[in-house]
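A structural walkthrough
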Amino acid sequence: MTDAQETAAETTLRTTGGAPPDDLPSAPVPLLEPREGIPPVTADPDALAEVITAFAEGHGPVAVDAERASGYRYGQRAYLVQLRRAGAGTALIDPVGCPDLSGLGDAIADAEWVLHAATQDLPCLRDIGMLPGRLFDTELAGRLAGFARVGLGAMVENILGYALEKGHSAVDWSTRPLPDPWLHYAALDVELLVDLRDALEEELTRQGKLDWAHQEFAAIAAAPPAPPRKDPWRRTSGMHKVRRRRQMAVVRELWTARDKIAQRRDVSPGKVLGDAAIVEAALALPTTARALGALGGFGHRMGRRQLEQWQAAVDRARALPESELPQPGQPVAGPPPPRAWADKDPAAAARLSAARAAVTGLAEQLNLPQENLIAPDTVRRLCWEPPAEVTAESVAAVLHGYGARPWQIEQTTPILLTALGATA
């Protein structure tokens, strides 16, 4: 980056929080190009060993990114991993050819990993043996610093003065061989990630928020894998239309059958059968494959054998005894939906209203999103069931128990204490 661009970036951070004033004309932004060109894709053990050596001998933070094939393949596995480190350059690794990257993870275990929206990539990186001990999340840093737009492209442009190439984020990254334009795009995602990290660290320091960011990053790095979702079929799009238990059983049977087929074929479930088709079949409860074929989503291109397998799932649901039908809703852990509070517990509703207003005001004062100041679910739980004796210590203990970080507890305990006390 040139001295002029560095000065411009600093001015943007200092005066506008990353957004150019509306009354100033936008200057042309140069398109970012890789400094050393596009490296060959690492797809075999010998090439991977060379990458491991290079990155172990590099220095400073390691920029890390991963590309998945969401919407094309079953699951969320990584199909390309990109890394960049000073002294090592950029590496593009094919996890299909190199499915175990634990050796690479070990080689850079002591380094800080720089990711953008880390929680999106960490699960697929964990699956191939890569997990950071320390990380810096540039998206989360942008949120804490008060940037309105925190996408990688927007932040690189606003802070560093370069435009990232667009257009390949939603492609099928399981394609082999990967086209050169896609690899060019992927390499650029880590080209300036460490530069962006450095600029954001400077801005967070200026705002007195760097320690807050470090606490957030540490929490992400230490978080265990998410447990399997209970009754995932209930998240079928359009499920709100399904009211009767027998219809819910049809959704469950079709969803389960679709999931097994998608997993076996390694394709996205939506490519096997759409959610809209599942819901329509549940509402109609067809008794024959022909009747099923007349419904939307089970069109003329679907063969008789396919129709019969879907009808078999419907028939299984139709044959279930009442005792085996799903219940209308999942057991809710924690407080009921806030819209019901006024009837169930008016005092709790008043506490929640006061707490929400206080959190909104403080978040605006601190120039960060409300959900980053304190999780909305934590506020709801505290207001629904406050401690028996409402004190600063008891409120702080409740927040800690729900996973709030020390900086969040320090900032929000006084205002939540006031909100709870004002409605006592």
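On a predicted model such as this, the values are computed, not experimentally measured, just so you know.

Comments concerning the overall build of the chain
Helices and strands together make up the secondary structure of the chain, namely 20 helices and six strands. The C-alpha extent of the chain, read off along each of the three principal axes, is 70 × 65 × 45 Å. Counting only residues that meet the buried cut, the chain has 45% of its 424 residues in that class. Long-range contacts, defined here as pairs at least 24 residues apart, represent 67% of the contacts in the chain between residues at least 6 apart.

Side note on helix α7 (residues 180–191)
The terminal C-alpha atoms of α7 lie 16 Å apart, and with 12 residues this matches the ideal 16 Å at 1.5 Å per residue to within 8%. Burial within α7 is extensive, with 10 of its 12 residues counted as buried. Restricting attention to buried positions, one finds in α7 the residues W182, L183, H184, Y185, A186, A187, L188, D189, V190 and E191. Buried residues belonging to α7 abut β1 (41–42), β2 (59–68), β3 (78–86), β4 (89–93), α6 (152–160) and α8 (193–207).

Let's talk about α6
Most of α6 is tucked away, with seven of its nine residues classed as buried. All buried positions along α6 are accounted for by L152, A154, M155, V156, N158, I159 and L160.

Comments concerning the UniProt feature "domain: HRDC" (unreviewed entry) in the chain
UniProt tags residues 244–324 as "domain: HRDC" (unreviewed entry). As annotated, residues 244–324 comprises 69% helix and 0% strand, and the C-alpha atoms at either end are separated by 13 Å.

As for the layout of surface pockets
In this structure, the largest pocket spans a volume of roughly 1000 Å³. Taken together, 27 residues form the lining of the largest pocket, with Y74, G75, Q76, R229 and P232 sitting closest to its centre. Going through the elements one at a time, α4 (118–127) and α10 (245–265) are the ones with two or more residues in the lining of the largest pocket. Here the element with the most residues in the lining of the largest pocket is α4; it accounts for five residues.

Focus: the environment of Q120
Structurally, Q120 can be placed in helix α4. Separated by 55 residues in sequence, Q120 and D65 place their C-alpha atoms 9.8 Å apart.

As for the pattern of salt bridges
One pass over the full model with this rule turns up 20 salt bridges. Measuring nitrogen to oxygen at the nearest pair gives 3.6 Å for the salt bridge that ties R143 to E139. You can see R143 and its partner E139 sitting in helix α5 (residues 138–144), four residues apart, about one turn around the helix. Given a relative accessible area of 27%, R143 falls into the partly exposed group. Classification of E139 by relative accessible area gives buried; the value is 19%.

A closer look at the sheet that holds β4
The strand order across the open sheet formed by six strands is β1-β4-β3-β2-β5-β6, and the pairing between neighbours is mixed. Where the open sheet ends on each side, the last strands, each with one partner, are β1 and β6 (134–137). In terms of strand pairing, β2 meets β3 through eight bridges, oriented antiparallel. Each residue of the ladder has a partner; that of A66, found in β3, is V81.

Some thoughts on the side chain of R84
Within the secondary structure, R84 sits in strand β3. The class for R84 is buried, based on a relative accessible area of 11%. Only 2.6 Å separates the side chain of R84 from the side chain of T90, close enough to count as a polar contact. Ignoring sequence-local partners within four residues, the contact set of R84 consists of R35, E36, F55, P61, V62, A63, G89, T90, V190 and E191.

Digging into the state of the cysteines
For the structure shown, the criterion picks out zero disulfides. Here C98 is not disulfide-linked; the sulfur of C124 is the nearest cysteine sulfur, at 15 Å.

Here we look at the nonpolar core
Of all hydrophobic cores here, the largest spans 80 residues; its most connected members are V81, L83, I93, L125, M130 and L196. The biggest single contributor to this core is helix α16 (residues 346–366), with seven residues. Other than its neighbours up to four places away in sequence, V81 contacts D65, A66, A91, L92, I93, P95, L101, L125, I128 and M130.

Points about the packing of aromatic side chains
Under the definition given, this model contains five aromatic pairs. An angle of 50° between the planes, with centres 4.8 Å apart, marks the rings of F136 and F217 as tilted. In this pair, F136 is assigned in strand β6 and F217 in helix α9 (residues 210–222), connecting sequence segments 81 residues apart. Ring pairs connect the aromatic residues W173, W182 and Y185, which therefore count as one cluster. One residue, R77, lies across the ring of Y79, its end atom 4.8 Å from the ring centre. Over the ring of F136 we find R197; its NZ or CZ atom is 4.9 Å from the centre of that ring.

Cut-off values and rules
- Residues numbered from 1 in each chain as written.
- Predicted model: local features only at pLDDT ≥ 70, side-chain atom pairs only at ≥ 80, totals over all residues.
- Heavy atoms only, no water.
- Helix = DSSP H or I, 4+ residues; strand = E, 2+ residues; numbered from the N terminus.
- Buried < 20%, exposed > 50% of the residue type's maximum accessible area, 1.4 Å probe, protein only.
- Contact = heavy atoms within 4.5 Å.
- Expected span 1.5 Å × (residues − 1).
- UniProt positions renumbered as here; feature names shortened; annotations may be inferred.
- 1 Å grid on protein atoms, 1.4 Å probe; cavity = no way out; pocket = protein on both sides within 12 Å on 5 of 7 lines; lining within 4 Å.
- Points joined across faces, edges and corners; volume = space filled by probe spheres on them.
- Salt bridge = Lys/Arg side-chain N within 4 Å of Asp/Glu carboxyl O.
- Pairing = 2+ DSSP bridges.
- Polar contact = N/O pair within 3.5 Å; in protein donor to acceptor, adjacent residues only side chain to side chain.
- Disulfide = S-S within 2.5 Å.
- Core = buried A, V, L, I, M, F, W, Y, C linked by side-chain atoms within 4.5 Å.
- Phe/Tyr/Trp six-rings, centres within 6.5 Å; stacked < 30°, edge-to-face > 60°.
- Lys NZ or Arg CZ within 6 Å of the ring centre and 35° of its normal.

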